[in-house]
Structure formats: C-alpha cells, structure tokens
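# Structural description and commentary
Each chain, letter by letter, is given below.
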Amino acid sequence: MAKDSYLVGLIGSGIGPSLSPALHEREADRQGLRYLYRLIDIDRLGRAPEAVGDLLRAARDLGFDGLNITHPCKQLVIEHLDALDPRAEALGAVNTVVLDDGRAVGHNTDITGFATSFARGLPDVPLERVVQLGAGGAGAAVAHAVLTLGAGQVTVVDPVAPRAAALADSLNRHFGGGRAVPAAPRELAALLRHADGVVHATPTGMAAHPGLPFPADLLHSGLWIAEVVYRPLETELLRTARALGCATLDGGGMAVFQAADAFRLVTGREPDSARMLADIAELAGAVGTPR
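Now for a look at the structure at hand. Since the model is a prediction, treat every value here as computed from it, not as a measurement.

This part is about the overall build of the protein chain. When helices and strands are tallied, the protein chain shows eleven helices and twelve strands. In terms of overall size, the protein chain behaves like a compact globule, its C-alpha atoms giving a radius of gyration of 18 Å where 291 residues would be expected to give roughly 19 Å. Expressed as lengths along the three principal axes of its C-alpha atoms, the size of the protein chain is roughly 55 × 40 × 35 Å. The proportion of buried residues among the 291 residues of the protein chain is 52%. Considering only residue pairs separated by 6 or more positions, the protein chain has 70% of its internal contacts joining residues 24 or more positions apart. Of the roughly 12,100 Å² that the protein chain leaves accessible, carbon and sulfur atoms contribute 52%.

Enumeration according to the criterion identifies 17 salt bridges in this entry. Residue Arg30 is joined to Asp279 by a salt bridge in which the shortest nitrogen-to-oxygen separation is 2.8 Å. Of this pair, Arg30 sits in helix α1 (residues 20–30) while Asp279 sits in helix α11 (residues 273–284), placing them 249 residues apart in sequence. Overall, the relative accessible area of 36% leaves Arg30 in the partly exposed class. Using a relative accessible area of 5% as the deciding quantity, one classes Asp279 as buried. Of the charged contacts, one joins Glu270 and Arg264 as a salt bridge, the two residues approaching to 2.9 Å between their closest N and O atoms. Salt bridges sharing common partners tie together Arg26, Glu27, Arg30, Asp272, Arg275, Asp279 and Glu282.

Hydrogen bonds along the backbone pair up the strands of a sheet, which may run parallel or antiparallel. Read across the sheet, six strands follow the order β2-β1-β3-β5-β6-β4 without closing on themselves; strand pairing throughout is mixed. The sheet is open, and its two borders are formed by β2 (34–41) and β4 (83–84), each paired with just one other strand. Relative to strand β5 (residues 96–100), strand β3 (residues 66–69) runs antiparallel, the two sharing three bridges. Each bridged residue has a counterpart across the sheet, and for Gly66 the counterpart in β5 is Val98. Those strands touched by helix α3 (residues 52–61) are β1 (5–12), β2, β3, β5 and β6 (103–107), and its axis lies near 35 degrees from that of β5.

All chains considered together, the criterion is met by four aromatic pairs. Seen from their ring centres, Tyr6 and Tyr35 are 6.1 Å apart, and the 40 degrees between their planes marks the pair as tilted. Placement of the pair is Tyr6 in strand β1 and Tyr35 in strand β2, with a sequence separation of 29 residues. For the pair Tyr6 and Tyr35, a shared accessibility class is recorded, and that class is buried.

If you walk across this open sheet you meet the six strands as β9-β8-β7-β10-β11-β12, and the pairing is parallel. Strand pairing shows two members of the sheet lacking a second neighbour, β9 (180–183) and β12 (247–249), which therefore form its edges. Along the sheet, successive strands turn relative to each other by an average axial angle of 20 degrees, direction set aside. Bridge analysis of strand β11 (residues 224–227) against β12 gives three bridges, and the strand direction is parallel.

Parameters at a glance
- Residues numbered from 1 in each chain as written.
- Predicted model: local features only at pLDDT ≥ 70, side-chain atom pairs only at ≥ 80, totals over all residues.
- Heavy atoms only, no water.
- Helix = DSSP H or I, 4+ residues; strand = E, 2+ residues; numbered from the N terminus.
- Rg over C-alpha atoms; globule rule 2.2 N^0.38 Å.
- Buried < 20%, exposed > 50% of the residue type's maximum accessible area, 1.4 Å probe, protein only.
- Contact = heavy atoms within 4.5 Å.
- Areas by Shrake-Rupley, 256 points an atom, 1.4 Å probe, with all protein chains shown as cover.
- Salt bridge = Lys/Arg side-chain N within 4 Å of Asp/Glu carboxyl O.
- Pairing = 2+ DSSP bridges.
- Axes fitted to C-alpha atoms, helices over the stretch in contact; angles between N-to-C directions.
- Phe/Tyr/Trp six-rings, centres within 6.5 Å; stacked < 30°, edge-to-face > 60°.

Set out below in structure tokens:
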C-alpha cells in the first residue's frame, strides 16, 4: 500500500539557502502527501564530511524515508550504503539515498537532471570541445551527461590532478578512449581560447563560496556557459558571461529535474516537473533559459 507520509533530508555543507525543501514539499502538497524535508548541515552541526556515515545511520534510526546528498559528501557516502543503482556506481557519486526495509540504496539523479536541463536550455550549441571545471561528485554526473548528449571531447580541469585523471579515465572506459582528457587550472587560458563551451561544476559561486572560478578575462563571446550552482541562480560567472554576450544556462533547471527524479524514487509517485519549474521561478527568479 502506498504511503502518504514521508520524512526526507538533505546532507551537505552550507545548505541553508537550499531550495530543495520548498521544491519537494510544494509538489508533495499538491499530491496530498504529508512530506517533511529537513536540512542536515554539517557546518551547523560542526561535523566533518566524513561524518556522513554517522548521519546516515541516525536518519535510518529516526525513520527517514530518503536523503539527498550534496557537496562535499556525494562520494564519501558510498561506502555506507547497502546497494548502488548502476548509474550511481558508474559515476562513483550519489545524490539520493532511498531508505526502505532497513536498506540504504544510492542513486544519482544529477546526470538526468543536468541532461534534461541542458537539452531544454541550450539545445543548439556546439559540443565538439567542452571544458569542464570540477571533477567532484557533481562533476562526474555532468560530464557523463554532456558526453551522453553527444559532446566530442570533454577536458576535465581540477586543481587535484589525480581526481581529474580518475574522472577522465572513468569517462573513457564508459564512452570510449579519447572522449575525456584531464587538465590543470594553469592550462585554462589556452583551453578556453579554442573551446565551444564551459560547464562549471565546482562550489564557487554558491552563497557560501562567492566569486569567479577563473579570471574574467579568460571569457569570450564565442563560449557558452552552463552552471551547476543554482543558489544564487545568477552567479558571478553567469553575470560576467552574459555581459560578454555568451549563451548561458543557470543551475535551476538541473536542480528541478534532479529533484523531480529524487521525489519519484522516494515516493513512487510521478512529479509534475513543469509545476516544479514554476516553483523555482517563483522562489529564485527566472530559471533555465539561455540569455
């Protein structure tokens, strides 16, 4: 028998401004569900990212039905799960945990969320040479999404060289040799001169991590820019890029579509993503449109 009451949470760092509670709870209200969504902020709790396992155990004991996982815990949570969805296993990152019958099963809805948002918001941009900043949990998901959408090659840039190399190796195993290459931040100037577009998948630009991920003078009008950060919707990177005439995509669409997929996993009910897009537009401004 389908449940009509759910307890869900989000584990991460600096998540106070998150719109996930409102997105989930508004859709649940429309479907006649009792749905309580709690923020579990490791900064406010004074816990290290490695405490995600303890927090997961506590959530199980307290009767949570599911958890969303965000920076910096998407990879660290994996060792504490009972099972992984094949997509999450391939990515090596989890953003949704379903708690049911004493088991914790990890999923990743970031990849589908980003792919849906990108196809909707930047449908006709060139994809031969894509530069991606960030090789963490979100980076793994969006790189898979970009290659699934038909990118010729993705250059993964990360200050931690082994992390960039590991993601590129994983992508090449999944999509074929040469589809991904690692690079260091010092190579960005040369890379961006010849790139079609940039996917930004680091925390820079979030409310807790303001600023630009690289010097503004590396941007030029021939680039498109796709952002993963969604709070604020207009990051400094997007604002700077739009001023130069770049086609841009904010992170709001990814936030909505990954939330819709997570809602479906936890409740077994079909969310209305169009209504959820209207929600985020109301909560945080116009979303997911190239400008």
